[in-house]
Amino acid sequence: MLADASAPDSSSAPAILVLEDGRTFHGRSFGAVGETFGEAVFATGMSGYQETLTDPSYARQVVVATAPHIGNTGWNDSDDESSRIWVAGYVVRDAARISSSWRAERSLADELAAQGIVGMREVDTRALTRHLRERGAMRVGVSSVETDPERLLARVLDQPSMHGAHLADEVSTDEAYVVPARGDKAFTVVALDLGIKTMTPYRMAERGIEVHVLPATASFAQIAERGPDGVFFSNGPGDPEAADAAVDVLREVLGAGLPYFGICFGNQLFGRALGFGTYKLGYGHRGINQPVMDLTTRKVEITAHNHGFAVDAALDQPTTTPYGVATVSHICLNDSVVEGLELRDAAGELLSFSVQYHPEAAAGPHDASYLFDRFTDLMTARMRAEPVDGQDA
């Protein structure tokens with residue numbers, strides 16, 4: 001059955017997009033009529049737009065879809081990765097007229113309008129993407145109420161940069177909650193919600209992990225009182241250099257010898273906790289088709305990414321830290337960006353690790369799902385090594 005997903009009448013309104021360097025694109029309204037601002041970025045996934053739009057890591061970003069036809073599968077209430085759409089705006093070339101999926105409950109255009117998300121369609125997204133690749137991600141304004149590009153540009157230039165933006169607290173949960181283990185419980189993990197996606201604790205729960213999700217502002221004492229076998233830091237938006245409090249908490253986690261697993265923002269904070277710097281990429285990695293090599297296995301994975309910052313660490317040599325020896329474990333094969341870190345003790349045993357991409361990969365691919373198993377293996381090894389009744393295990 002084909003669900004009618006005709007765009008609302010308001011979507012026929014003309015709209016303009018103005019980048020901070022003055023480049024202007026014209027199109028028509030898609031979703032809510034109005035005006036929005038953010039950082040212009042492009043995402044290369046040909047599917048999974050619902051997971052992208054509800055990913056908190058995209059907060060304060062206007063996402064440009066490089067796939068030319070968007071909206072084919074409509075919108076349903078099962079695939080959301082959080083409680084709402086987080087993107088600041090959405091820009092597409094061709095918006096689907098109907099939803100061709102039996103799972104669709106309404107159209108993408110209707111959901112954007114219902115949540116007040118300003119977007120554009122009929123945009124030359126190929127030219128826009130090439131411009132961002134050449135000039136880098138930048139501030140942008142999208143408006144279906146302003147007709148003068150110069151006036152919109154003036155408002156764009158008044159917007160804050162992503163440099164120095166501290167956004168994790170804005171997208172995090174307000175209250176702690178627990179995701180029960182599926183089947184027999186094997187481990188307790190505390191996950192710091194810096195912008196966590198729904199699928200992440202689910203992937204852990206299906207491996208027998210009871211996940212205690214805490215707000216981004218949680219202290220180490222609040223983590224420790226849950227008696228965790230391991231600690232997880234999630235993905236999230238913003239500049240990692242602005243997240244000093246979370247880095248301090250992570251250093252306490254490492255100092256206590258707790259196994260740690262981080263993804264995306266959690267990888268950048270792990271890098272900072274180990275003494276590395278971070279930097280902003282020109283236009284970032286966003287999509288579900290990014291090739292990464294796991295240097296521990298020499299296998300190449302096709303992975304899901306959403307990051308505009310990266311860790312600055314030596315690719316070919318270990319670094320001694322107060323917590324152990326740190327090495328780069330994964331690299332992007334497109335540009336050699338650090339995509340993972342490992343921390344080992346003097347004997348070479350794994351203590352903690354992180355990756356820059358998304359192994360939960362709600363919209364696929366699933367090449368990196370083994371990383372959740374690596375986390376359970378790490379916690380199992382630590383439990384076996386713990387002293388029992390004052391004696392070595």
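For the structure, see preceding data.
What this report covers is the structure whose coordinates are included nearby. (Residues numbered from 1 in each chain as written. Predicted model: local features only at pLDDT ≥ 70, side-chain atom pairs only at ≥ 80, totals over all residues. Heavy atoms only, no water.)

1. Looking at the overall build of the chain
Item 1. The number of helices and strands found in the chain is ten helices and 22 strands.
Item 2. The C-alpha atoms of the chain give a radius of gyration of 21 Å, which matches the 21 Å a tight globule of 393 residues would have.
Item 3. Each principal axis of the C-alpha atoms in the chain carries an extent, and together these give about 75 × 45 × 35 Å.
Item 4. A buried classification covers 56% of the 393 residues belonging to the chain. (Helix = DSSP H or I, 4+ residues; strand = E, 2+ residues; numbered from the N terminus. Rg over C-alpha atoms; globule rule 2.2 N^0.38 Å. Buried < 20%, exposed > 50% of the residue type's maximum accessible area, 1.4 Å probe, protein only.)

2. Observations concerning the environment of H212
Item 1. By the secondary structure assignment, H212 is in strand β14 (residues 209-214).
Item 2. Taking the C-alpha atoms as reference, H212 lies 23 Å from P240; in sequence the two are 28 residues apart.

3. With respect to helix α9 (residues 265-273)
Item 1. The buried fraction of α9 amounts to nine of the nine residues, a majority that puts the element mostly inside the structure.
Item 2. Residue G275 follows α9 closely and has a positive phi angle near 105 degrees.

4. Regarding the sheet that holds strand β10 (residues 118-121)
Item 1. Spatial ordering of the closed barrel is given by β2-β3-β10-β7-β5-β4-β11, a layout of seven strands whose pairing is mixed. Between one strand and the next, the sheet's axes are offset by a mean angle of 35 degrees, whatever the strand orientation.
Item 2. Here strand β7 (residues 89-91) pairs with β10 via three bridges, running parallel. Bridge pairing in β10 links V91 to M120.
Item 3. Each of β2 (14-19), β3 (24-31), β4 (35-43) and β11 (138-143) is contacted by helix α4 (residues 149-156), which is oriented at about 50 degrees to β2, the strand it contacts most. (Pairing = 2+ DSSP bridges. Axes fitted to C-alpha atoms, helices over the stretch in contact; angles between N-to-C directions. Contact = heavy atoms within 4.5 Å.)

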